[in-house]
Amino acid sequence: MIEASGLSKRYGRTVAVDGLSFEVHPGQVTGFLGPNGSGKSTTMRMIMGLDAPDAGGVTVNGRPYAELGWPLREVGALLEAKAFHPGRTAANHLWALAQTNDIPRSRVDEVLDVVGMGQVANRRAGTFSMGMGQRLGIAAALLGDPGVLLFDEPVNGLDPDGILWVRNLFKSLAAEGRTIFVSSHLMSEMALTADHVVVIGRGRLIAEAPMAEFVAHSSKRYVRVRSPELAELGRLLTAAGASVAAEDDGALAVRGLVEAEIGALAARSQLELHELSPQSASLEEAYMELTAEAVEYEGIGTAVASNGSETDAGQLVLAGK
Amino acid sequence: MLATTTGTATGAEIVGTGRYRAAGVMRSEWTKLRSVRSSTWTIAALVGLTVLIGSLICVSEASNWASLSRVQRAIFDPTNVSLDGLLFGQLAVGVLGVMVMSSEYGTGLIRATSAAVPNRRLVLGAKAAVLGTVVLVVGEIVSFASFFLGQAILSGSATSVGISAPGVLQAVTFGGLYLTVLALFGLGLGVIVRHTAGAITIFVSVVLIVPEIVRLLPASISDAVGKFLPANIGTTLTSVHHLPNELSPWVGFAVLCAYAATALAVGGWLIVRRDA
């Protein structure tokens with residue numbers, strides 16, 4: 001369980017994180033989404049007590065990170081690809097970390113096997129590829145068998161096999177009841193892994209919702225209509241208040257009316273329909289729409305409303321609406 | 001299913017009570033120190049080159065002995081001459097001290113370290129304890145080895161002293177202590193500056209360059225300031241014959257400790273204020 005409330009951080013005159021509030025719950029993978037530079041890494045560093053917030057606070061299992069008795073046994077984190085000395089072997093790197101939290105030596109070999117690095121345990125970390133470095137970072141995160149795990153852009157540098165492995169790892173960790181918080185700027189990646197999303201833009205909360213709800217609530221939802229009498233149908237729909245756009249293959253994309261209303265309208269005018277299908281936006285589209293909005297609001301100097309403290313974890317909150 | 005767990009899943013039950021302690025952090029720092037080549041090589045260079053350079057200087061002094069005047073022979077300090085290799089040793093321990101901290105910042109390891117031990121002053125303290133102990137042990141070995149080897153060389157044609165002669169044991173012991181305190185001074189600079197090259201530059205400037213600049217100043221100034229510089233204190237500590245315009249060895253050692261203590265105190269103040 002991670003709870004952030006009013007979290008803010010500025011570097012000089014640049015505001016990195018601005019009044020951010022959200023919760024990350026156990027038993028699911030929570031995606032932390034935002035464009036590059038939106039404040040994801042800064043937020044994760046504040047959760048870990050590495051950066052001090054200028055305002056607000058964040059707790060892990062109800063306590064600020066600095067107050068955890070055995071930090072590595074409660075929280076594991078992969079914050080950047082290369083948080084190790086290139087001259088130290090993988091096993092010695094992990095052993096040095098393990099000793100601080102009284103974690104037994106046997107656990108070092110265990111996590112190296114989990115990430116598939118048992119064979120290179122005694123190789124110097126500087127010789128590792130980006131993907132192997134990432135695996136070593138994941139091994140370090142798992143070292144204390146923690147209930148809360150943070151991963152900042154974990155798929156960077158991983159090959160397709162590695163990406164698949166990491167996805168399954170996150171899902172199995174969540175299934176064991178752990179709290180998994182994964183940041184990414186890649187929508188497609190999150191669509192496959194996350195059960196819940198926290199979306200930020202320019203350091204502010206844009207949305208916090210279950211993944212399905214996040215996609216469903218997008219204004220990109222529309223109904224695809226095909227008919228031999230498209231021109232007539234288009235006029236009727238526009239008159240009824242819908243917005244209508246022609247798609248490349250001759251279908252009509254209708255927004256503002258649901259499929260039942262469109263069907264009733266067509267029946268009343270005795271127009272023939274060949275297709276009437278609801279289309280949900282992809283996560284990618286929902287995200288682009290939201291983050292573009294955040295940038296746009298920022299551009300005209302208006303604050304993007306994100307009263308995070310009042311948000312209900314299960315409820316979709318859209319900024320500026 | 002991947003075998004990720006050793007205990008229960010949610011974490012709450014396996015955490016248990018208790019808290020990370022200094023002993024574990026020091027064990028971790030010992031593992032870090034001995035598991036990178038840069039520190040093991042620096043220590044090897046400290047031992048090898050310090051003793052070698054001291055011996056070579058003794059060979060040179062021994063061959064010059066015949067040409068020295070009576071006054072020169074009277075002020076000749078065999079103890080100090082045999083410890084001249086410490087001029088190199090002081091650079092090696094400075095580099096070692098700086099890198100113990102700056103390498104963490106340079107590699108990003110500091111993030112992993114701070115996540116494992118949120119109390120950053122405890123980390124700094126553990127580093128100081130481990131570094132100080134290692135350099136004290138190695139430094140005393142180097143100092144005594146240099147002394148005995150040097151005296152063996154000098155005794156052939158020049159004059160030599162025994163370890164039991166007045167002031168000799170203290171001077172040789174101070175050789176190891178001098179290296180220890182300088183290593184801690186380097187550690188303090190490493191915390192403050194956070195960059196290896198920058199911190200080493202400052203260290204070398206303070207130890208080697210500032211004394212040369214001070215020497216060029218008018219005598220009234222250089223006499224007043226010079227005796228407080230680390231390298232000159234080092235000469236005082238490792239000498240048996242003392243000049244009138246020197247600090248006494250124990251006062252000099254206290255001043256030297258003040259350098260390290262100040263650097264570590266400033267570092268300890270900064271380390272909790274800056275983001276890791």
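Residues numbered from 1 in each chain as written. Chains lettered and ligands numbered in written order. Predicted model: local features only at pLDDT ≥ 70, side-chain atom pairs only at ≥ 80, totals over all residues.

Student: Could you clarify how one ought to interpret the sheet that holds strand β1 (residues 2-11) of chain A in this entry?
Tutor: By way of backbone hydrogen bonds, the strands of a sheet pair with one another, either parallel or antiparallel. All names here are of chain A. If you walk across this open sheet you meet the three strands as β2-β1-β4, and the pairing is antiparallel. Each end of this open sheet is capped by a strand with a single partner; those strands are β2 (14-24) and β4 (55-60). Going across the sheet, the axis of each strand differs from the next one's by a mean of 20°, ignoring polarity. The strands that helix α1 (residues 40-47) touches are β1, β2 and β4; relative to β1, the one it contacts most, it runs at about 120°. (Pairing = 2+ DSSP bridges. Helix = DSSP H or I, 4+ residues; strand = E, 2+ residues; numbered from the N terminus. Axes fitted to C-alpha atoms, helices over the stretch in contact; angles between N-to-C directions. Contact = placed C-beta atoms within 7 Å.)

Student: I tried to follow the interface of chain B and chain A on my own but got confused; where do I start?
Tutor: Where interface size is given, it is often the accessible area lost as the parts come together that is meant. Between chain B and chain A, the contact holds 40 residues from the first and 46 residues from the second. Counting residues per element, the ones that place at least two in the side of chain B that touches chain A are α1 (12-15), α2 (22-34), α3 (37-64), α6 (86-107) and α7 (109-116) of chain B. When the residues that make up the side of chain B that touches chain A are grouped by side-chain class, the tally is 17 nonpolar, 17 polar and six charged. (Nonpolar A, V, L, I, M, F, W, Y, C, P; charged D, E, K, R; others polar.)

Student: How do you make sense of the pairing of strand β9 (residues 204-210) of chain A when you look at a structure like this?
Tutor: For a regular strand, the rule is simple: side chains alternate between the two faces of the sheet. Residue and element names in this part refer to chain A. Counting buried residues in β9 gives six out of seven residues, a clear majority hidden from the surface. Note that strand β8 (residues 196-201) and β9 share six bridges and pair antiparallel. In the sheet register, valine 197 faces β9, and the bridge partner there is alanine 209. Between the antiparallel neighbours β8 and β9 lie two residues, among them arginine 202 with a positive phi of about 50°. (Buried ≥ 20, exposed ≤ 12 C-beta atoms within 10 Å, placed from the backbone.)

Student: Please clarify how the environment of A:Leu136 should be interpreted in this entry.
Tutor: Residues and elements named next belong to chain A. By the element assignment, leucine 136 lies in helix α5 (residues 130-142). Taking the C-alpha atoms as reference points, leucine 136 and glycine 37, separated by 99 residues in sequence, lie 25 Å from one another. Leaving out residues up to four positions away in the same chain, leucine 136 has contacts with Phe84, Ala90, Met117, Ala125 and Phe128.

Student: Please explain the nonpolar core as it appears in this structure.
Tutor: Grouped burial of nonpolar side chains is what soluble globular proteins tend to show. Core analysis: the biggest nonpolar cluster contains 142 residues, and A:Leu94, A:Ala139, A:Leu143 and A:Val197 have the highest contact counts within it. Looking at this core element by element, the count peaks at 15 residues for helix α9 (residues 168-193) of chain B. A:Tyr222, A:Val223, A:Val225 and A:Ala266 belong to the second-largest nonpolar core, a separate cluster that totals 11 residues. (Core = buried A, V, L, I, M, F, W, Y, C linked by C-beta atoms within 7 Å.)

Student: Even after reading the chapter, I still don't get the sheet that holds strand β6 (residues 148-152) of chain A, so can you show me in this structure?
Tutor: Residue and element names in this part refer to chain A. Taking strand neighbours across the sheet as the criterion, the six strands line up as β5-β6-β7-β3-β8-β9 in an open arrangement whose pairing is mixed. Each of the sheet's edge strands pairs with one partner strand only, and the pair in question is β5 (75-78) and β9. Shown here is a sheet whose adjacent strand axes are inclined to one another by a mean of 15°, direction ignored. Strand direction decides the pairing type here: β5 and β6, joined by four bridges, are parallel. Within β6, the residue paired with alanine 77 across the bridge is leucine 150. Docked against the sheet, helix α6 (residues 160-175) engages β3 (29-33), β6 and β7 (179-184), running at close to 150° with respect to β7.

Student: I would appreciate a short explanation of α9(B) in the present structure.
Tutor: The periodicity of an α-helix, 3.6 residues per turn, causes residues three or four positions apart to be oriented the same way. Residue and element names in this part refer to chain B. Its 26 residues place the ends of α9 37 Å apart at the C-alpha level, agreeing with the 38 Å of an ideal helix rising 1.5 Å per residue. With respect to burial, α9 is a largely interior element, 21 of its 26 residues being buried. Two residues or fewer past α9, arginine 194 is found with a positive phi of approximately 70°. (Expected span 1.5 Å × (residues − 1).)

Student: Is there a simple way to think about unusual backbone geometry in this case?
Tutor: Only a minority of non-glycine residues have a phi that is not negative, and only a minority of peptide bonds are not trans. Residues and elements named next belong to chain A. With phi around 50°, aspartate 102 is a residue other than glycine that occupies positive phi space. Examined against the element boundaries, aspartate 102 turns out to sit in the loop between α3 (90-100) and α4 (105-114). Aspartate 102 sits in the partly exposed class, given 18 other C-beta atoms within 10 Å. In the Ramachandran plot, arginine 202 falls in the positive-phi region, its phi being about 50° despite a non-glycine side chain.

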